[in-house]
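This is what each chain is made of:
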Amino acid sequence: MTDSPVALITGGGSGIGAAVARQLLDAGYRVTVTGRGEERLRGFAEELGNPAELLTLVGNAADYDSVRSAVDRTLKEFGRLDTVVANAGFATHDSVAEGDPAGWTEMVLTNVLGPALLIRAAIDALKETRGRIVLVGSVAGFVPTPGNIYGATKWAVTGLAENTRRQVTEWGVGVTHIAPGRVETPFWDSYGSLPPGHLLTADQLADSIVWAVRQPEGVDVNTVVVRPIGQPN
């Protein structure tokens, strides 16, 4: 097990992050998941039987000391780092002309600064393993939606992914930007209800992420847009 690959996933206690963690564990990875909720992380670990291959860490994806600590703890526990998945993020589900600005700062810091901090904290370890960076964006980062502040943060992730790829590819590090459409996850809890129509499951989206991560050495899958059938935008 000491040579098995290692992944670090932010926001990994539920939804897409948890689904990716489960699939990577099943594939023989050792996995660190971070999140703000200790109870949620504990429940996730207990659900899986508290495997030795899983490390759960309470932390804030928008705080560099916290992110760097998670990387350091992962390296100390598992000895290497092959993949990071910047999954932590949320939406205030309001608009620029009519929304409440009180929630925007935290959303921008988590959704935009968070992935950049993870890249910065992990890049030295990823250079050693010629590893991979996965940024979880959104269809909203490609398709303009009236007044959508969350969408603007995901447009920033779209740019961050390609800008990062252009720098780190010379070091043998891959970058995958995965942009999901509507997925049935706790993301919608603050919205009040699930949106209408067919939604992807977190496991279906995790299939695409794990597929990209497990490509052969030298293959870099850069942009993957995944919508449920029936989502027009």
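Here goes a summary of the coordinates provided. (Residues numbered from 1 in each chain as written. Predicted model: local features only at pLDDT ≥ 70, side-chain atom pairs only at ≥ 80, totals over all residues. Heavy atoms only, no water.)

Let's talk about the sheet that holds strand β4 (residues 83-86)
Consider a sheet: its strands pair through backbone hydrogen bonds, and that pairing is either parallel or antiparallel. Here is the rule: By definition, two strands form a pair when at least two bridges between them are found by DSSP. Numbered from the N terminus, helices here are DSSP runs of H or I no shorter than four residues, and strands are runs of E no shorter than two. In this analysis an axis means a line fitted to C-alpha atoms, helices contributing only their contacting stretch, and an angle means the value between N-to-C directions, from 0 to 180 degrees. In what follows, residue pairs with any heavy atoms lying within 4.5 Å of each other are defined as contacts.
Strand order in this open sheet of seven strands is β3-β2-β1-β4-β5-β6-β9, and the pairing throughout is parallel. Unpaired on one side and paired on the other, β3 (54-58) and β9 (223-226) mark the two borders of the sheet. For this sheet, the mean angle separating the axes of adjacent strands, direction not counted, is 15 degrees. In this structure, strand β5 (residues 132-136) lies alongside strand β6 (residues 174-180), joined through five bridges in parallel fashion. The partner of V134 across the bridge, within β6, is T176. The strands that helix α1 (residues 15-26) touches are β1 (6-10), β2 (30-35) and β3; relative to β1, the one it contacts most, it runs at about 170 degrees. Docked against the sheet, helix α5 (residues 149-168) engages β5 and β6, running at close to 165 degrees with respect to β6.

Looking at unusual backbone geometry
Keep this limit in mind: Here the term buried applies to any residue with accessible area under 20% of the maximum for its type, exposed to any over 50%, and partly exposed to those in between, with areas from a 1.4 Å probe on protein chains only.
One non-glycine residue, H93, adopts positive backbone phi at about 55 degrees. Mapped onto the secondary structure, H93 falls in the loop between β4 and α4 (104-129). Look at H93 and you get partly exposed, because its relative accessible area is 27%. The residue R130 is not glycine, and still its phi comes out positive at about 50 degrees. Its place among the elements puts R130 in the loop between α4 and β5.

Describing the packing of helix α3 (residues 64-78) against α4
A pair of packed helices is captured by two measures, namely the crossing angle of their axes and the spacing between those axes. Here is the rule: Should an angle fall under 35 degrees it is called roughly parallel, over 145 degrees roughly antiparallel, and 65 to 115 degrees roughly perpendicular, with every other angle called oblique. A crossing counts as left-handed when the near helix is turned anticlockwise from the far one by less than a right angle, and as right-handed when that turn is clockwise. For this classification, Asp, Glu, Lys and Arg are treated as charged, while Ala, Val, Leu, Ile, Met, Phe, Trp, Tyr, Cys and Pro are nonpolar and the rest, including Gly, are polar.
Direction vectors running N to C along α3 and α4 enclose 30 degrees, while the axes themselves pass 9 Å from each other. Between α3 and α4, the angle falls in the class roughly parallel. Note that α3 runs across α4; the crossing there is right-handed. Where α3 approaches α4, its residues Y64, V67, R68, V71 and L75 are matched on the opposing element by L117, L118, R120, A121, A122 and A125. Each residue belonging to the contact of α3 with α4 can be placed in one class, and the counts come to nine nonpolar, no polar and two charged.

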